[in-house]
Amino acid sequence: MIDVDVVLHEAGLENSHVQDFVRHWAALTGAERIEVINASDDPRLLREALDAGELLPAGEGRYYSRSYVKDTARSEERTVVATSDPADAGVYNNWRPAAEMRPLLEERMRGASAGKTMYVVPYLMAPPGSPLEAYAAGVELTDCRTVVLHMIRMARVGVEHINDLADPASFVRGVHVTGDLETLGQGTPDDQRYFVTVADERTILHYGSSYGGNALLGKIAHGLRQASYDGWRSGQFLAEQFMLLGITDRETGGTYHICGGFPSASGKTNLAMMLAPDALGDRYHVEFYGDDIAWLRVDPEDGRIYAINPEFGVFGVAKDTNEATNPTAVDAIGPDTGTIFTNVAYNENTGDVWWEGKTPEPPADTTGWRDWTGQLISERPADGKDAPWAHPNSRFTTTLAKVPNIAPDFDKAQGVPIDAIIFGGRTRDREPLIRAVTDVAEGVYDGLTLGAEATFAAEGVEGQLRYDPMSMRPFLSYAEGAYAAHWLAIIGAATSKPLFAHVNWFQRDAEDGRFLWPGYRDNLRALLWLMKLKNGEVTGIRTPVGIVPTREELDLAGMDVRPEDLDRLLGIDVARWRQEMEHREEHLAQFGGLPEAIWEAHRRVAAALDAAQS
Ligand code: GDP
Ligand code: PGA
Ligand code: MN
Ligand code: MN
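Residues numbered from 1 in each chain as written. Chains lettered and ligands numbered in written order. Predicted model: local features only at pLDDT ≥ 70, side-chain atom pairs only at ≥ 80, totals over all residues. Heavy atoms only, no water.

Novice: Describe the coordination of the manganese ion (ligand 3), and please don't skip the residues or the numbers.
Specialist: Those protein atoms acting as donors to the manganese ion (ligand 3) are Gln-241 (OE1) and Asp-292 (OD), and they sit at 2.1 Å. Distance-wise, the manganese ion (ligand 4) is placed 5.5 Å from the manganese ion (ligand 3). You can see Gln-241 sitting in the loop between strand E12 (238–240) and strand E13 (243–249) and its partner Asp-292 sitting in the loop between strand E15 (284–290) and strand E16 (294–298), a full 51 residues away along the chain. Summarising the burial analysis for this pair, Gln-241 and Asp-292 share the class buried. (Donors = N, O, S within 2.8 Å, 3.2 Å for Na, K, Ca; no water. Helix = DSSP H or I, 4+ residues; strand = E, 2+ residues; numbered from the N terminus. Buried < 20%, exposed > 50% of the residue type's maximum accessible area, 1.4 Å probe, protein only.)

Rendered as structure tokens:
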């Protein structure tokens with residue numbers, strides 16, 4: 001038997017509540033050793049992981065890992081939010097009673113870390129000193145070393161974050177047990193995996209994966225599911241799947257901050273990393289604050305909404321990342337950045353990595369190249385030759401500090417004041433490039449009715465058109481009616497309100513399927529129009545679904561986009577929208593207790609569309 005208290009004491013971890021927590025789970029999972037982790041352990045852990053073959057070298061100061069072939073994305077199906085109050089059940093949160101889930105997870109985890117090390121990872125999901133710090137501390141116990149290496153990149157890790165808590169019992173308790181991945185029946189009726197957030201006990205129990213959001217408990221389980229529950233219960237804040245960026249106008253000296261939600265793999269990371277288009281680069285500069293999570297609160301001083309990014313790193317989609325689409329990301333994952341690549345293709349002779357869209361064609365000389373499953377490219381069977389080299393959800397993990405356009409004040413404790421909140425997703429028609437919404441209830445309604453194509457970031461749903469409220473569908477932790485009311489309460493409490501907008505970079509040509517808008521860096525043009533609208537410099541055109549730019553108002557300098565495409569990009573197809581309103585009505589009707597203000601917003605938009613049709 002390991003003496004847990006001695007190990008923790010020697011590591012300088014003095015919080016007795018943490019000691020109790022570790023003691024309990026060490027005994028239950030049967031771990032053989034315990035190790036307390038600080039960020040400074042990174043070089044040693046990297047060496048150990050390389051020696052053990054868990055990581056492979058990918059050039060100077062970069063690393064490569066492969067996850068188990070059936071463990072490459074989040075599983076929405078196996079994700080549960082549990083509490084002791086059945087009223088917390090919503091349409092999307094897969095609510096189950098805590099009293100049922102806890103014993104079930106304990107049974108799965110019992111003895112499942114035998115022979116392994118249990119790493120104790122104390123972390124903080126917030127810039128230190130943040131007004132929301134009380135909700136940010138956590139301890140993840142994990143039996144997987146590569147998970148620890150990811151945690152060190154994605155969260156602020158170290159015992160200092162857990163020793164001096166105002167309330168020493170108040171930290172999120174996370175337990176991650178990998179399990180025997182080859183025997184878990186992933187995706188079958190006999191699936192053994194469970195990813196559970198026991199929200200009213202601030203406890204996260206994840207079993208059966210070592211991939212991304214299934215295993216790094218600070219990020220999605222704490223940063224989104226637990227935090228959104230805490231934000232609601234405390235009445236203090238919103239925790240959303242939002243990117244967060246700043247725009248500086250060098251000509252006027254103005255700075256703006258925009259945050260917003262797009263479903264996983266729909267452009268958040270690319271937007272926040274965006275380099276201004278060449279023709280606008282002298283005047284505008286985009287600053288990166290965050291790419292996946294923002295916590296929003298009202299500041300008592302000036303009554304504005306402030307946002308922080310609780311994360312410390314970026315877990316970005318590799319596909320189509322290149323010098324033209326995202327030069328910022330290319331730098332952030334360059335030599336000596338400590339980047340970990342997961343499930344891209346790998347050359348075992350040179351340590352090079354490749355993914356679809358890194359270059360137009362894969363490397364011509366296939367010597368040494370293996371696909372994401374580990375299969376030699378040169379030996380792939382005839383029926384597997386066209387399969388992608390990299391998994392569509394392959395990723396890079398790097399820290400915020402390595403992102404070249406990181407905002408100088410990215411870790412400012414108060415966060416930054418928000419000028420606009422945007423929603424978007426992959427929508428092949430109907431949704432224009434941008435439409436602004438000035439009314440708060442209509443803005444919240446717009447978020448709640450966000451409809452988009454699901455992506456490969458979750459198992460088994462790619463391409464499905466579905467509603468994804470605020471892009472939080474996989475992360476909602478309480479009932480949607482209460483969620484909508486909490487949104488109205490937080491934004492309603494701001495004395496200076498953000499502008500809302502809906503954006504869409506993914507409209508396609510009906511015939512050949514190509515994207516009508518070039519996207520990436522050019523997306524700044526839509527955001528600049530929004531800021532001009534906010535400043536009263538443009539008026540746009542009022543439509544039943546919001547204000548859209550005129551062609552002339554959109555700065556298209558240095559860009560060639562076909563005039564007929566521009567008409568489609570900025571147009572509102574009223575007949576198509578009226579159909580959409582019927583689907584929205586059904587979607588919203590599923591939610592119990594939806595605030596009347598949301599229904600009123602829905603009816604206003606519907607009536608305006610009816611009037612426009614006749
Ligand atoms: P996130 O998961 O929401 O952070 O999305 P990412 O920014 O990682 O992008 C997901 C995928 O969409 C990547 O393959 C990107 O290359 C692609 N993508 C991002 N922005 C755009 C865009 O403006 N236009 C197009 N066509 N693709 C984009
Ligand atoms: P993404 O982050 O939104 O950048 O894809 C990971 C996830 O949501 O699973
Ligand atoms: Mn995400
Ligand atoms: Mn992202």
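So that's the structure; there's more coming.
Novice: Give me the layout of surface pockets: which residues, what numbers.
Specialist: Taken as a whole, the largest pocket holds about 840 Å³ of empty space. If you trace the largest pocket, you find 49 residues lining it, with Ala-265, Ser-266, Gly-267, Val-317 and Arg-426 closest to the centre. For the lining of the largest pocket, the elements supplying multiple residues, two or more each, are helix H7 (212–215), helix H8 (218–234), helix H9 (268–272), strand E18 (313–317) and strand E23 (395–399). In terms of residue count, H9 provides more of the lining of the largest pocket than any other element does, 4 residues in total. (1 Å grid on protein atoms, 1.4 Å probe; cavity = no way out; pocket = protein on both sides within 12 Å on 5 of 7 lines; lining within 4 Å. Points joined across faces, edges and corners; volume = space filled by probe spheres on them.)

Novice: Lay out the packing of helix H3 (residues 42–51) against helix H5 (residues 145–154) with the relevant residues and their values.
Specialist: Running from N to C, H3 and H5 cross one another at 150°; their axes reach a closest spacing of 10 Å. The chirality of how H3 crosses H5 is left-handed. Along its contact with H3, which presents Asp-42, Leu-45, Leu-46, Glu-48 and Ala-49, the element H5 presents Arg-145, Val-148, Leu-149, Ile-152 and Arg-153. Per-class residue counts for the contact of H3 with H5 are 6 nonpolar, no polar and 4 charged. (Axes fitted to C-alpha atoms, helices over the stretch in contact; angles between N-to-C directions. Left-handed = near helix turned anticlockwise from the far one by under 90°. Contact = heavy atoms within 4.5 Å. Nonpolar A, V, L, I, M, F, W, Y, C, P; charged D, E, K, R; others polar.)

Novice: Give a detailed account of empty space enclosed by the protein, specifying residues and quantitative values.
Specialist: Applying the stated rule across the entire model yields 4 cavities of 30 Å³ or more. Around the largest cavity sit 14 residues that line it, and Pro-263, Ser-264, Thr-455, Arg-466 and Asp-468 are the ones nearest its centre. Tallied by class, residues from the lining of the largest cavity come to 7 nonpolar, 2 polar and 5 charged. As a volume, the second largest cavity reaches approximately 90 Å³. Along its surface, the second largest cavity is lined by Arg-435, Val-437, Glu-442, Tyr-445, Asp-446, Pro-544, Val-545, Gly-546, Trp-577, Arg-584 and Val-605. Looking at the lining of the second largest cavity, the elements that each hand over two or more residues are strand E26 (434–437), helix H11 (440–448) and helix H15 (574–589). For the lining of the second largest cavity, the element with the highest residue contribution is H11, accounting for 3 residues. Looking at the lining of the second largest cavity, its residues break down into 6 nonpolar, 1 polar and 4 charged.

Novice: Explain the pairing of strand E17 (residues 305–308) to me, using residue names and the numbers behind them.
Specialist: Going residue by residue along E17, you find Ile-305 and Ala-307 tucked away on one face and Tyr-306 and Ile-308 tucked away on the opposite face as well. Where E16 folds back onto E17 in an antiparallel hairpin, the turn is made up of 6 residues, including Gly-303, whose phi is positive at roughly 70°. Pairing analysis gives 2 bridges linking E17 to strand E24 (residues 416–417), with the strands arranged antiparallel. By the bridge assignment, Ala-307 is partnered in E24 with Val-416. (Pairing = 2+ DSSP bridges.)

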